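Chain by chain, the residues:
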Amino acid sequence: SFTVRDVETNKELFCISRDPDEPPIDITTLTSEMEDQVRSIRYDFGKNFLRMKQIGTKLDFTVGPQPVESFRMIERHYFKNRL
């Protein structure tokens, strides 16, 4: 699952997760265009989002039924080609 929240208020702004009743997707059967769609999340928070002082995100990783413990991911976000 992937969650975005306002750190000051702890208000959840966005949450998406896979339906646990659906079987996993076999990515070997997907075209490269379809694979990009499966791996991408699109969202629009509106202009008030840019006024928030801090946001927090949570992303759950698994490998099959096993969670990936102590995984660390560093992201870079750009706006109009500026980091």
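Residues numbered from 1 in each chain as written. Predicted model: local features only at pLDDT ≥ 70, side-chain atom pairs only at ≥ 80, totals over all residues. Heavy atoms only, no water.

Let's shift gears to the overall build of the protein. The helix and strand inventory of the protein stands at one helix and five strands. Starting at the N terminus, the α and β elements of the protein follow one another as β-β-α-β-β-β. Computed over its C-alpha atoms, the radius of gyration of the protein comes to 16 Å, more than 25% above the 12 Å expected for a compact globule of 83 residues. By principal-axis analysis of the C-alpha atoms, the protein measures approximately 40 × 30 × 25 Å. Taken as a whole, the protein presents about 8200 Å² of accessible surface, with 49% of it coming from carbon and sulfur. The positive charge centre, built from 13 side chains, and the negative charge centre, built from 14, are 13 Å apart in the protein. (Helix = DSSP H or I, 4+ residues; strand = E, 2+ residues; numbered from the N terminus. Rg over C-alpha atoms; globule rule 2.2 N^0.38 Å. Areas by Shrake-Rupley, 256 points an atom, 1.4 Å probe, with all protein chains shown as cover. Lys, Arg positive; Asp, Glu negative; His and termini not counted. Charge placed at Lys NZ, Arg CZ, Asp CG, Glu CD.)

In this model, the protein carries a mean pLDDT of 85, and residues with pLDDT of at least 70 account for 100%. Averaged over each element, pLDDT in the protein is lowest for strand β4 (residues 62-63) (75) and highest for strand β1 (residues 2-6) (93). (pLDDT = per-residue confidence, 0-100.)

As a further point, take the packing of aromatic side chains. Within the structure shown, the criterion is met by six aromatic pairs. Here Phe2 and Phe14 contribute two aromatic rings whose centre-to-centre distance is 6.2 Å and whose plane-to-plane angle is 65°, an arrangement assigned as edge-to-face. Here the residue Phe2 occupies a position in strand β1, and Phe14 occupies one in strand β2 (residues 12-16), the gap between them amounting to 12 residues. The exposure class assigned to Phe2 is buried, which follows from its relative accessible area of 11%. Phe14 sits in the buried class, given a relative accessible area of 18%. Taken together, the ring pairs connect Phe2, Phe14, Tyr43, Phe45 and Phe49 into an aromatic cluster. (Phe/Tyr/Trp six-rings, centres within 6.5 Å; stacked < 30°, edge-to-face > 60°. Buried < 20%, exposed > 50% of the residue type's maximum accessible area, 1.4 Å probe, protein only.)

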